[in-house]
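# Residue-level structural notes
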Amino acid sequence: MLEPAGQKNEVLELSPTLPPLHCPEQERPYLYTYHNSDDGVGQRAEAGWSDQKVFGSEMTCADRDPSNTVPVSVHQLRPADVKVIAALGDSITAGNGAGSKPNDVLDVLSQYRGLSWSIGGDGNITTVTTLANILRVFNPSLVGYSTGVGRQHTQHAFLNQAVAGSVTGELMPQVRELLKRMKNDSLINFQEDWKIITLFVGGNDLCDYCKNPAEFSPDNFIKNIQEVLDTLHNQVPRAFVNLVTVLHIVPLRELFTDTRVKCNLFILRLLCKCVVNPVDNSAQLNELKTLNREYQRRTHALINSGRYDSREDFTVVIQPFLEDIEIPRDENGVPDKSYFAPDCFHFNVKTHAQAARGLWNNMLEPLDGKTMNQSIDHLNYLGCPSQEQPYLRTYRNSNYTYPNNSGQATSEAPRTTKTTVAPSHKPSTTQVPMETTSPIVRTTGGNEQMYGSELECKDRTPSHIIPNSVHSLRPADVKVIGALGDSLTAGNGIGSKPNDVLDVLTQYRGLPFSIGGDGSLQTTTTLPNILREFNPGLTGFSTGKGGVEKPNVFLNQAVPGALAGDLPGQARRLVNIMRNNSKIDFLNDWKIINVFIGGNDLCNYCTDSAYFSAINFAKRIEEALDILHSEVPRAFVNLIEVLQLIPLRSLYQDKTLSCPRVLMRVLCYCVVKPSENSTELEMMSEANRAYQHHTKMLVESGRYDTREDFTVVLQPFFHHVKVPILENGHPDTSFFAPDCFHLSRRFHTQVARALWNNMLQPVGEKSNFQDVTANVSLDCPSQGEPFLRTFKNSNYTYQGVDPTTTPPANWGSDLSCPESSPSEMVPKSVHRIRPADVKLIGALGDSLTVGYGARARNLFELPMQYQGVAWSIGGDKRLEAVTTLPNILKKFNPNIYGYSSGIGKLRSKFNVAATGSKANDMPTQARTLVELMNKSPKINFEKDWKVITLFIGANDLCDYCMDKKTYSAENYVKNIQEALDILQKQVPRAFVNVMQLLEMNDIRRIEKNTIGCALLQKNICPCLLKLRDSSPELKEVIRMNRAYQTKLTTLIYSGRYDTTDDFTVVLQPYFTNTILPLNAMGEPDLGFFSVDCFHLSERGQAEMAIGLWNNMLEPVGQKQNYNNFTYDRRKLRCPNSDSPYLFTRGNSGGEPEITVTTSAPEITVTTSAPEVTVTTSEPETEERAWVAVLIAVAGVLVGAALVLLIMKLRGMKYRHGDEKPLEMNGIKL
């Protein structure tokens, strides 16, 4: 057992004398395994440096003793003084692929943490060279190193908290978990033990830079690094931090570019597209090189500031050995991939050993003499501390002066940030401190947690006489409290035990933040319990459990599942109860009424964006407030802004949580289901913001400040919500009910504090950010302003509603661009066309492109072709009067030719579109256009640059049900391809716009009691408009609509039309997810449509032109795929000064992402063209068959319970009034 593997005695000798028992060696006091024996790893070493086993090293240092006494200064720290080692970083530090066999690419997913250069602890220094094994030679009792294989949360990872794939912006969860483990481990004396922490990150930031330059800018990179180091500096005593600068990543490109190296190019592109894809000497590559060096420069500047040398027991030292790294080569000068994992990107164990040697030697080198170009392919020997300088080198023991701070000895420590304000919002002067500590949770003698608060207000007296003005209302003057809302105010699930999902049906009415009255403030923090500290006689609050009909509910009239449309009914019931209750003096008692609604409206928004529009949402709140305003005297109304729901998606997305994801989809499908970065998610985010905006505008109108005894104050603390995160980086579900959607008692406690503090903050200076993990104390009214704050006692002036505007005289636009000149020389490449270079314009299409009925005022004028206002080809008047693509281009080149004008075909020029055309007419139109251009004496067909726009498909879809084969998606795209092939072959110097077909199902909602709409509309498009709702035939047409979009996208992105330098086809997608324009009532806005309710009016044509032009100025892959139907003469964009060209695939920088989007509840599919993007997640634990059987049985039982839950939730009241009920995909909150 004490003999190394490979050297064990295999012969047992039987002799009269007993063999002596061996003792463990001083340097190797372990029972021998394959890992800690010379043969353990050495047998797997590849031939390299003569007979040297390249994974192990020889340590020749004679002096391995610690200091005589434990040093108090980091500048006198010897290697043997170090007792704890830790690391933060990405997949390099996690050890991905370090021990993988050659060509076993999938094994790169394995994290060989025991071999990691800075933290691995497999074997010993003779078999595996890592910083941890080097330090164990000096101190065999070192702890913290990782062993074996596994992810960061495993026990063997210990203090190696690096996470594969991390960028700098994702480091803080690693820091929090590291601190937790160091503080809680019995082997570590957190206050006394000296620690080495190594931070190495940045490769993934470089690899992803081209995808999001803003996120991975040098400013953000160094800000993220600083946040990590600030946290360590503030919280970790006795620490020496190695900050290893980001490596010089560009040389790794040779593994991709050198054809002699057999690496998987697809995987390299997948891992680090932004580094390997740019061509040599390109602007993109030069930008990447500059970025790489800027990351390094900013890192040096941060440390050279002396920011982390304000204490004797802490320092950060830059170790720069990878800054100028070169690619290792074989004897033929070919990049040597044997130093890399099978993906040719990560390090294998041989390179990890070299990195460990480089790091160790850097740590012993003075600050002004550190190696910056560690050689990978030449064996480096381990250095030793010198007799004169036996310490790990720091700025002080190197006699080094920071260039950025000559007075570093007295430099100021980084301050802990106390206040967090949402980006782009003015911080409140009374912002509540937001610290990363838990809320006040006290424990009594038993195990029950009490969610109470302390109120330290000395002045709790009421006014000397009952005030007549709401602007002079003190907390103690309030005698009645009431509330309107949904399940969050009804208290669903607040007191439920973890995992008891069915108990979320229970309405814990005594615990809601705004109206609950269980216990007292010392045990339960709610607004009523706070107010009872000022006036113990307060009434109206709810207690206990139960539905709205229970007497203990009192003035809590919230109903689970309520929508904004239910508020007027709740308001009437509340008024009725207050009038008739003997405890309330309705005319004289001052009342606080809390209104909180909107979650259910947002959760159902995607099912009917018209009904649940922001305008309708605000109107329904207005109706309820109008009732209170007209009928309730002496009232202070808190209108609590609708919370920001989108961040709550993280509980659904994190599959490590025990959240009922199926139930979450049912509760709030529209929020949790959309994929990241999808149009649906952006739509929901916009809707959330619009709800908040219109609510604010309602209050800002001053509508409810016409009397001295009544006001409505918007309390905006829910405007920005931060989901609580645990130290392991996962959402903290203790703040939520068992359904992971409703709020737990812990969350309600914090929200009650936020509401109270908002009420004491002046209007215009209220906190609009909610961090429920913050340690928020209860504010007190000030002596100067002892009142609940209103607009008047805040000296605030309402912004007022937008003035009524007169109808526009025309649908023109304003555009004045600084970059409007043509190229100095006529460009030869389509990827270098400026708008002013375009001399000809043409169009193919159907009735929309000929302006059919665009200016028609009656049915007799409907067939007229108003070609002069046609969106893509019309040229009547000027842009200020008529918005079309030619009129926009005239701003750049007044002599552009080819546009149509007037009415009819007489002056159509290069507009070859025809009414009733389908995709199979496009080849003929293409030939006609080529012939017209060829014959025109006013153009130079060969040399003039042309813009041609093709838009077709509505008529194909409208006739699909009559001939499914002819109008199939395959034939639709085949015909378009034939037309484009003709243009590509016969038209030189052409930029072709292909418009994506819109989703036409929304047109079914347009209704008007006119002959044109009632009769003509359905006959124009029978296959879409004559079919019954939810019929299989209609669903098939909708699927075909999406198939048209998908196949057209595939054609354009196939690269078929990017084979020459003077021709391209660009898909302009703004119609892909365009929804029907709505008016102020939330109904379809008929102003965009002609008299037949199908074709577009001049206003609709103008919106199409704006969308097309703006798409042309957006890079491929970043184009807006929906349209915003709001009137604004300044919606047109100008060319980018840095890239003043019409965007093509060739000048957009990188491969575009193609998103094929479907409406709920369809599936969202994202692929990349022309290559397929493969997302590889770490393999989940394999489940045995018997486990699957047990899960299936359990699933039946849980499913039955969920069905009962859903049925009960669906049974809740849906909507008041006589409005037509809507078929919903989700249920209500």
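Structure: see above.
Residues numbered from 1 in each chain as written. Predicted model: local features only at pLDDT ≥ 70, side-chain atom pairs only at ≥ 80, totals over all residues. Heavy atoms only, no water.

## Observations regarding the side chain of Asp959
Relative to the elements of secondary structure, Asp959 occurs in the loop between α23 (954-958) and α24 (969-986). A relative accessible area of 17% places Asp959 in the buried class. If we skip the residues at most four places from it in the chain, Asp959 touches Lys918, Tyr967 and Cys1023. (Helix = DSSP H or I, 4+ residues; strand = E, 2+ residues; numbered from the N terminus. Buried < 20%, exposed > 50% of the residue type's maximum accessible area, 1.4 Å probe, protein only. Contact = heavy atoms within 4.5 Å.)

## Section: empty space enclosed by the protein
Under the definition given, this model contains 13 cavities of 30 Å³ or more. As a volume, the second largest cavity reaches approximately 150 Å³. Here the lining of the second largest cavity is composed, by residue class, of 7 nonpolar, 4 polar and 1 charged. (1 Å grid on protein atoms, 1.4 Å probe; cavity = no way out; pocket = protein on both sides within 12 Å on 5 of 7 lines; lining within 4 Å. Points joined across faces, edges and corners; volume = space filled by probe spheres on them. Nonpolar A, V, L, I, M, F, W, Y, C, P; charged D, E, K, R; others polar.)

## Here's the deal with the pairing of strand β7 (residues 478-485)
When you tally the buried positions in β7, you get 7 out of 8 residues, the bulk of the element. When β7 meets strand β8 (residues 590-596), the two strands line up parallel, connected through 7 bridges. The partner of Ala483 across the bridge, within β8, is Asn594. (Pairing = 2+ DSSP bridges.)

## Let's talk about the packing of aromatic side chains
Counting across every chain of the model gives 21 aromatic pairs. Measuring from centroid to centroid gives 6.4 Å for Phe340 and Phe347, while their planes differ by 65 degrees, and the two rings are edge-to-face. When the ring of Phe617 is compared with that of Tyr691, the centres are 4.1 Å apart and the planes differ by 10 degrees; the resulting orientation is stacked. Residue Phe617 is located in helix α15 (residues 614-631), and its partner Tyr691 is located in helix α19 (residues 679-700); the two are separated by 74 residues in the primary sequence. As far as the burial class goes, Phe617 and Tyr691 line up, both buried. Grouped by ring-pair contacts, the aromatic residues Phe513, Phe596, Phe717 and Phe718 constitute a single cluster. (Phe/Tyr/Trp six-rings, centres within 6.5 Å; stacked < 30°, edge-to-face > 60°.)

## Focus: unusual backbone geometry
Located in the positive-phi region is Lys909, a residue other than glycine, with phi close to 50 degrees. Summarising the element assignment, Lys909 is placed in the loop between α21 (885-890) and α22 (922-935). Its identity is not glycine, yet Arg989 carries a phi of approximately 50 degrees, on the positive side. Relative to the assigned elements, Arg989 resides in the loop between α24 and β15 (990-995).

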